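If you want the building blocks of each chain, they are given just below.
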Amino acid sequence: MTLTEAKQKLAKYGQEHVLKYYDELSDAQKEALLAQIDATDMSILASCKNREELAKKGVITPLAAMQLPEIEANKASFTATGIEAIKAGKVGAVLLAGGMGTRLGSDNPKGMYNVGITRDLYIFECLVNNMLDVVKQADAWFHLFVMTSDKNHEATVSFLKEHDYFGYKAEYIHFFMQEMAAATDYDGKIYLEEKGKLSTSPNGNGGWFVSMQKAGLLDLVKSEGIEWLNVFAVDNVCQRICDPAFVGATIQKNCVVGAKVVKKNAPDEKVGVMCLEDGRPSIVEYYELTDELMNAKDANGDPAYYFGVILNYLFRVPELIEIVENSLPLHIVEKKIPYLNEAGELVKPESPNGFKFENLVLDMIHQMSSCLPYEVVREYEFAPIKNKTGIDSVESARALLQKNGVVL
Ligand code: UTP
């Protein structure tokens, strides 16, 4: 893109200020900035003025989950179906590791965090150990696709390589990078993080399948005959991945997506809940849950919206391909964004100072025709690490790992 073209684009979106230091830049920096301006989707930025509109939902009704007694009664059959699919190479895993982990506050990718106490035990290592259990059980390797971002790709790849992938077979691991989005102040004006660089952040975990496709990995999925992809978050160290019983239950129930869920520990717990929205599967985020929905009861007197998602979904590939062109709703989230102040100095703010623009994987559920919410025991499977201490923290995850017999 030429400077004139860049000026035209910036004028269209009211972002001319990002050229403030242009004349001070070297030729290479100028070229990089123009390329970044060209690549940045600025059409989304004005939406920060009507955030409430974006959050509007349809009619919410309950969606029953498959609960523990039913799972227990059918465990052998579900497991056999799942193992058969894994052995046949029909199941792959996708690790969402492109996030910034800002709440944890470590400069490294979250997966590099050491949760060990008397020995080293990294988050990535916990996840690989959980996968190796299944490899052993099925006596078959399954492919693992790892999503990173521009901000953590190099560190993630070299860390895993250095540790010999914690025993996972290298030829079954594939990395791909997600897209970035511009970050703005509260008026939707893009921040600069360097004189020649727009401030960007990963664009949420919702773009994972599009990014896999852009990286050419859909060809591998097809050529390997992978029919199911188990998408999971980097920060839940206890979760089972490509869990045979979960895979088998989703297949047997003829659902195109399965979602692992836990019973909420309080009506206002900060997890998204499974539901139907206008008759299709969906997830209501905790901050969208009205008091009425929070207190609604089902026929047994249990909360009607009892089951929270843990970011562990099993998608059927043909349906993913069908929706790949569809757009996802935009989430505009307040975050702390490092920026250059008026004097051109880098500031790392202590409190939120603007917006990031994200698409979320949970919105893909609403584009699917059927979904099986599948209950798991939270004491075994839900130990997310979002913070250093307190709720959903390194501390709480360590306690749960120890409870499950993991030596720290
Ligand atoms: P979170 O929403 O908890 O974000 O991500 P985070 O980056 O880990 O932490 P904070 O909010 O900055 O403190 C849930 C999962 O989605 C992935 C994360 O890596 C995590 O596995 N994710 C999130 C991405 O892969 N890309 C994104 O752009 C955002």
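Everything here concerns the structure above.
Caption draft 1: How the structure looks around the nonpolar core. Leu95, Phe124, Phe142, Val237 and Tyr374 are the most contacted members of the largest nonpolar core, which totals 62 residues. For this core, the element with the highest residue contribution is helix α6 (residues 123-138), accounting for nine residues. If we skip the residues at most four places from it in the chain, phenylalanine 142 touches Ile86, Val91, Ala93, Met131, Val134, Val135, Tyr168, Tyr172, Ile241 and Cys242. Listed in part, the 38 residues of the second largest apolar core include Met147, Val261, Phe307 and Leu360.

Caption draft 2: Up close: empty space enclosed by the protein. Evaluated as defined, the whole model comprises one cavity of 30 Å³ or more. In this structure, the largest cavity spans a volume of roughly 80 Å³. In this structure, the largest cavity is lined by Leu95, Phe124, Leu127, Val128, Met131, Leu144, Val146, Leu160, Tyr165, Ile173 and Phe232. Of all the secondary-structure elements, those providing two or more residues to the lining of the largest cavity are α6 and β3 (144-148). Ranked by residues supplied to the lining of the largest cavity, first place goes to α6 with four residues. For the lining of the largest cavity, the residue count by class is 11 nonpolar, no polar and no charged.

Caption draft 3: Main features of the layout of surface pockets. A volume near 880 Å³ is recorded for the second largest pocket. In this structure, the second largest pocket is lined by 32 residues; those nearest its centre are Asp41, Glu179, Met180, Asn203 and Asn359. Listed by contribution, the elements that provide at least two residues to the lining of the second largest pocket are α2 (27-39), β5 (180-182), α8 (208-214), α12 (317-323) and β17 (354-358). Broken down by element, the residue count for the lining of the second largest pocket peaks at four residues, all from α8. The residue makeup of the lining of the second largest pocket, split by class, is 14 nonpolar, 11 polar and seven charged.

Calculation criteria
- Residues numbered from 1 in each chain as written.
- Predicted model: local features only at pLDDT ≥ 70, side-chain atom pairs only at ≥ 80, totals over all residues.
- Heavy atoms only, no water.
- Core = buried A, V, L, I, M, F, W, Y, C linked by side-chain atoms within 4.5 Å.
- Buried < 20%, exposed > 50% of the residue type's maximum accessible area, 1.4 Å probe, protein only.
- Helix = DSSP H or I, 4+ residues; strand = E, 2+ residues; numbered from the N terminus.
- Contact = heavy atoms within 4.5 Å.
- 1 Å grid on protein atoms, 1.4 Å probe; cavity = no way out; pocket = protein on both sides within 12 Å on 5 of 7 lines; lining within 4 Å.
- Points joined across faces, edges and corners; volume = space filled by probe spheres on them.
- Nonpolar A, V, L, I, M, F, W, Y, C, P; charged D, E, K, R; others polar.

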